[in-house]
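An overview of the molecular structure
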Amino acid sequence: MDAPVPGSPLVPETMRAYGFTRYGGPEVQGYFTAPVPSPGPGQLLVKVHTCGLNPADIKVRSGRRAGVFDVVFPMAMGREVAGTVVALGTDAAGFTVGQAVFGSPSAGIGGLAEYALLDADAAAPVPSGLSLEQAAGVPVAVGTTLDVFDHLILSPGDVFVVIGAGGGVGSVTCQLAVARGLRAVGVASAAKHDLVTGLGAVAVTSGEGWVERVRAAAGGPVTALLDMVGGEVLHEALDLCGDETQLVSIADPVQAGTVGGSGVARRRTSEAYAAAARLLLDGAVSPLIRVEPFSRAAEAYTEIERGHVAGKIIVTLDED
Ligand SMILES: NC(=O)c1ccc[n+]([C@@H]2O[C@H](COP(=O)([O-])OP(=O)(O)OC[C@H]3O[C@@H](n4cnc5c(N)ncnc54)[C@H](OP(=O)(O)O)[C@@H]3O)[C@@H](O)[C@H]2O)c1
């Protein structure tokens, strides 16, 4: 059977999307109608069921990543999706129409839309046992966590400080640290104390005096530190970890680099995403997700922009 193509009875000519028409603040965000894209070589056209939202979407919308990150206006927000393959470009071997997949949208394409293009080499089948809601949150939160663990040198019993422990990446990082026998010390607001404790980490409240509270809670030398906040918080954290090569900030890699630390190299590949999904299937991590309908995309991004989300938000396009 031939794969359906845009304009065929199975795939409409146009789709609804939520994104931005130019760089700017929240005022440039909104719903818009756009042509359904056609898959080029090595691409999959996917009917999107779920899309993970992230702070990076706001950085892209604001223009802070202009010149580094491909944007084609109007651009849907969202950099991770799960959905069903509805058409294949040439050279997209290994995938079939009707298959459930998850991954990263292609360059210049956003995911918070009824359809999205995925590069076949940045997509993976949704494994049996994983929901589409779970799968949409794998590439960023779980994938980044896996890349951080591949970067750091850690052994059971080591102390691993996680700043921003109650957010999308931090909550998964705490879970994987505990699963690997580390002593995870999670820094978060008082409101997230129970959440962080529930991840198996030692919860330390953020705010004035937090560095001393971490030293007291660590119970020994800090082996590694992952920062998800940056700015003044990272500045205060710089001498917490004795080995600067074990200091990683994914919020502020430039500042981490000033003392010999770094960001983390991301692997946005089918193999890396499949490995990240296996962490859920194995029970090593169980990401905290909250599912919101497509109609509440604006409210979801307002919450993300405030910077205090618990876990991460997944938008479903199936409920409207
Ligand atoms: N390089 C990459 O590939 C990559 C990948 C993923 C994420 N990132 C970046 O990493 C950062 C975190 O991402 P995310 O998805 O985890 O964001 P998130 O879900 O918004 O989590 C950030 C967490 O930090 C907490 N926080 C805010 N101020 C804090 C403080 N002073 N001390 C301790 N915690 C504080 C927030 O809640 P509470 O204050 O209530 O605790 C929130 O839970 C973002 O800047 C994102 O863009 C980079």
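As the structure is a prediction and not an experimental result, all values here were calculated from the model. (Residues numbered from 1 in each chain as written. Predicted model: local features only at pLDDT ≥ 70, side-chain atom pairs only at ≥ 80, totals over all residues. Heavy atoms only, no water.)

Focus on the overall build of the chain
When you go through the chain residue by residue, the secondary structure sums to ten helices and 14 strands. Counting only C-alpha atoms and orienting by the principal axes, one finds that the chain spans roughly 65 × 40 × 35 Å. Looking at the chain residue by residue over its 320 residues, the buried ones come to 52%. Taking as baseline every contact in the chain between residues at least 6 positions apart, the subset at least 24 positions apart corresponds to 67%. Roughly 13300 Å² of accessible area belongs to the chain as shown, and the carbon and sulfur atoms make up 54% of that amount. Here the chain carries 21 positive and 33 negative side-chain charges, and the mean point of each set is 3 Å from the other. (Helix = DSSP H or I, 4+ residues; strand = E, 2+ residues; numbered from the N terminus. Buried < 20%, exposed > 50% of the residue type's maximum accessible area, 1.4 Å probe, protein only. Contact = heavy atoms within 4.5 Å. Areas by Shrake-Rupley, 256 points an atom, 1.4 Å probe, with all protein chains shown as cover. Lys, Arg positive; Asp, Glu negative; His and termini not counted. Charge placed at Lys NZ, Arg CZ, Asp CG, Glu CD.)

Overview of the pairing of strand β10 (residues 202-205)
As paired elements, strand β9 (residues 183-188) and β10 share four bridges and run parallel to each other. When the sheet's bridge partners are listed, glycine 186 is paired in β10 with alanine 203. (Pairing = 2+ DSSP bridges.)

A few points about the pattern of salt bridges
Within the structure shown, the criterion is met by ten salt bridges. A salt bridge links aspartate 147 to arginine 266, with the shortest nitrogen-to-oxygen separation between them at 2.7 Å. Of this pair, aspartate 147 sits in helix α3 (residues 138-151) while arginine 266 sits in the loop between α8 (253-257) and α9 (270-281); the two residues are 119 residues apart in sequence, bridging distant segments of the chain. Residue classification places arginine 266 among the partly exposed residues on the basis of a relative accessible area of 21%. Residues arginine 267 and aspartate 150 are paired through a salt bridge, measuring 3.0 Å at the closest nitrogen-oxygen approach. Note that arginine 267 is positioned in the loop between α8 and α9 and aspartate 150 in helix α3, a separation of 117 residues in sequence. According to the relative accessible area criterion, arginine 267 is partly exposed, its value standing at 36%. Among the charged side chains, a network of salt bridges with common partners joins Asp147, Asp150, Arg266 and Arg267. (Salt bridge = Lys/Arg side-chain N within 4 Å of Asp/Glu carboxyl O.)

Thoughts on the sheet that holds strand β11 (residues 224-227)
The five strands are arranged β10-β9-β8-β11-β12 in an open sheet whose pairing can be described as parallel. In this open sheet, the two strands that pair with only one neighbour each are β10 and β12 (247-249). Averaged over all pairs of adjacent strands, the angle between strand axes in this sheet comes to 15 degrees, irrespective of strand direction. Strand direction decides the pairing type here: strand β8 (residues 159-163) and β11, joined by four bridges, are parallel. By the bridge assignment for β11, valine 162 is matched with leucine 226. (Axes fitted to C-alpha atoms, helices over the stretch in contact; angles between N-to-C directions.)

Quick look at the packing of α3 against helix α4 (residues 168-179)
Axis separation between α3 and α4 bottoms out at 8 Å; the angle between their running directions is 50 degrees. Accordingly, the angle class assigned to the pair α3 and α4 is oblique. Seen along the crossing, α3 lies across α4 with a hand that is right-handed. Contacts between α3 and α4 involve Ala141, Val142, Thr144, Thr145 and Phe149 from the former and Gly168, Val169, Val172, Thr173, Leu176 and Ala177 from the latter. Counted by class, the contact of α3 with α4 contains seven nonpolar, four polar and no charged residues. (Parallel < 35°, antiparallel > 145°, perpendicular 65-115°, else oblique. Left-handed = near helix turned anticlockwise from the far one by under 90°. Nonpolar A, V, L, I, M, F, W, Y, C, P; charged D, E, K, R; others polar.)

Side note on the domain arrangement of the chain
In terms of domains, the chain is made up of domain 1 (14-137 + 288-316) and domain 2 (141-257). Centre-to-centre, using C-alpha coordinates, domain 1 lies 28 Å away from domain 2. In total, about 600 Å² of surface goes out of reach between domain 1 and domain 2, with carbon and sulfur atoms giving 51% of it. Inspection of the region where domain 1 meets domain 2 yields zero salt bridges. There are four residue pairs in polar contact (both at pLDDT 80 or more) connecting domain 1 and domain 2. The residue inventory of the side of domain 1 that touches domain 2, partitioned by class, reads three nonpolar, three polar and two charged. (Domains from an automatic or database assignment. Buried area = accessible area lost by both parts, 1.4 Å probe. Polar contact = N/O pair within 3.5 Å; in protein donor to acceptor, adjacent residues only side chain to side chain.)

Observations concerning the pairing of strand β5 (residues 80-88)
Regular strands show a simple pattern: their side chains alternate between the two faces of the sheet. Counting buried residues along β5, seven of its nine residues qualify, which places the element largely inside the surrounding structure. In this structure, strand β3 (residues 43-52) lies alongside β5, joined through eight bridges in antiparallel fashion. If you follow lysine 47 over to β5, its bridge partner there is threonine 84. Bridge analysis of β5 against strand β6 (residues 100-105) gives four bridges, and the strand direction is antiparallel. Across the sheet, valine 81 pairs through a bridge with glycine 103, a residue of β6.

Notes on empty space enclosed by the protein
In total, this model carries one cavity of 30 Å³ or more according to the counting rule given. Of the pockets and cavities examined, the largest cavity occupies roughly 40 Å³. Surrounding the largest cavity, Phe20, Asp57, Val60, Phe69, Met75, Ala76, Met77, Gly78 and Arg79 form its lining. Only α1 (55-62) and β4 (75-76) provide two or more residues apiece to the lining of the largest cavity. For the lining of the largest cavity, the class distribution of residues is six nonpolar, one polar and two charged. (1 Å grid on protein atoms, 1.4 Å probe; cavity = no way out; pocket = protein on both sides within 12 Å on 5 of 7 lines; lining within 4 Å. Points joined across faces, edges and corners; volume = space filled by probe spheres on them.)

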